[in-house]
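A look at the structure
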Amino acid sequence: MEGTNPVNKKLAAALSGGAVLVLALTGCGGDDGNEKLDAWAKEVCDAVQPQAKKIESANAAIQKETSDNSTPEEVQKTDSKAFQDMSDAYKAIGSAVNKAGAPDVENGEKKQRDAVKELNGISTSYADLKKQVDGLDTDDQAKFADGLKDIATELDKLSKSGNDALRTLEEGEVGEAMSRQPSCKTATAPAAKS
């Protein structure tokens, strides 16, 4: 059993990086109200909150699975479901940002477009990881461990590259408006300092 455990831990570490993506949706406070922007932020934050919870649960499931001495079958099943959940969650956030329209700020349309494109891209990446984990050979411990290693590497890349457009979306007034929304505060509290 020892074979997969270090790899599982690597996977868990890479994953926690990936989940920070959406939880980066915080702002730095500020109180210049802009009704239009506040309404936009409320719509996005309210939609993001349940998805952020879903991503956190998926993460927690993988963390738990990796800390136990789980069989390859158990790891595969848990990871597969978690990646599917994450894929769905990012897709839903992308749809929410799309539906909310452009925020009432300079370059709002471009920021919105870029963020939606990125969120959909992340969703696709997680769907690909699900396919990858589903295809691993659970009968061959060493092969399975190698497969997990590749997935951890992909996850690591995903977590590093994945939040530029989101960061751009949340700059300045948009971030401030979001930080005033209770639903964004609760969605992001745990990862605010990562």
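Preceding block: the structure.
Here is what the cut-offs are and how they apply
- Residues numbered from 1 in each chain as written.
- Predicted model: local features only at pLDDT ≥ 70, side-chain atom pairs only at ≥ 80, totals over all residues.
- Heavy atoms only, no water.
- Phe/Tyr/Trp six-rings, centres within 6.5 Å; stacked < 30°, edge-to-face > 60°.
- Helix = DSSP H or I, 4+ residues; strand = E, 2+ residues; numbered from the N terminus.
- Buried < 20%, exposed > 50% of the residue type's maximum accessible area, 1.4 Å probe, protein only.
- Expected span 1.5 Å × (residues − 1).
- Contact = heavy atoms within 4.5 Å.
- Salt bridge = Lys/Arg side-chain N within 4 Å of Asp/Glu carboxyl O.
- Axes fitted to C-alpha atoms, helices over the stretch in contact; angles between N-to-C directions.
- Parallel < 35°, antiparallel > 145°, perpendicular 65-115°, else oblique.
- Left-handed = near helix turned anticlockwise from the far one by under 90°.
- Nonpolar A, V, L, I, M, F, W, Y, C, P; charged D, E, K, R; others polar.
- Core = buried A, V, L, I, M, F, W, Y, C linked by side-chain atoms within 4.5 Å.

**Overview of the packing of aromatic side chains**
Applying the stated criterion across every chain, the model contains two aromatic pairs. Centroid distance Tyr90 to Tyr126: 5.6 Å. Interplanar angle 5 degrees. Geometry classified as stacked. Of this pair, Tyr90 sits in helix H3 (residues 72–100) while Tyr126 sits in helix H4 (residues 108–134); the two residues are 36 residues apart in sequence, bridging distant segments of the chain. With respect to burial, Tyr90 and Tyr126 carry one shared label: buried.

**Quick notes on H3**
Helical periodicity: at 3.6 residues per turn, an α-helix aligns residues three or four positions apart in one direction. Given a rise of 1.5 Å per residue, 29 residues ought to cover 42 Å, and the 42 Å separating the end C-alpha atoms of H3 matches this to within 8%. A positive phi of about 85 degrees marks Gly101, the residue just after H3.

**Section: the environment of Thr138**
Its place among the elements puts Thr138 in the loop between H4 and helix H5 (141–161). Since its relative accessible area comes to 16%, Thr138 is described here as buried. The spatial distance from the C-alpha of Thr138 to the C-alpha of Val75 is 9.2 Å, given a sequence separation of 63 residues. With sequence-adjacent residues up to four places away left out, Thr138 is seen in contact with Pro72, Glu73, Gln76 and Phe144.

**Some thoughts on the pattern of salt bridges**
Between side chains of opposite charge, a pair can form when the charged atoms approach closely. Within this structure, the stated rule accounts for nine salt bridges. Lys110 is the salt-bridge partner of Asp114, the closest N and O atoms lying 2.6 Å from each other. Placement of both Asp114 and Lys110 in helix H4 is noted, with a separation of four residues, approximately one turn of the helix. The class of Asp114 is partly exposed, set by a relative accessible area of 29%. Using a relative accessible area of 46% as the deciding quantity, one classes Lys110 as partly exposed. Between Asp128 and Lys131 there is a salt bridge, with its nearest N and O atoms 3.7 Å apart. Of the two residues, Asp128 and Lys131 both sit in helix H4, three residues apart, roughly one turn of that helix.

**Details of H4**
Its 27 residues give H4 an end-to-end C-alpha distance of 39 Å, which sits within 8% of 39 Å, the value for a rise of 1.5 Å per residue. For H4, the set of buried residues is Gly108, Lys111, Gln112, Ala115, Val116, Glu118, Leu119, Ile122, Ser123, Tyr126, Leu129 and Val133.

**Quick word on the packing of H3 against H4**
At a minimum axis distance of 8 Å, the contact between H3 and H4 shows a crossing angle of 165 degrees. Taken together, the axes of H3 and H4 lie roughly antiparallel to each other. Our pair here, H3 against H4, has a crossing hand that is left-handed. Of the residues belonging to the contact of H3 with H4, the class tally is twelve nonpolar, nine polar and four charged.

**Some words on the nonpolar core**
Nonpolar side chains in soluble globular proteins tend to end up buried together. Counting residues in hydrophobic clusters, the biggest one holds 39 residues, and the most contacted among them are Trp40, Phe83, Tyr126 and Met178. Of all the secondary-structure elements, those providing two or more residues to this core are helix H2 (35–67), H3, H4, H5, helix H6 (164–169) and helix H7 (172–179). For this core, the element with the highest residue contribution is H2, accounting for ten residues.

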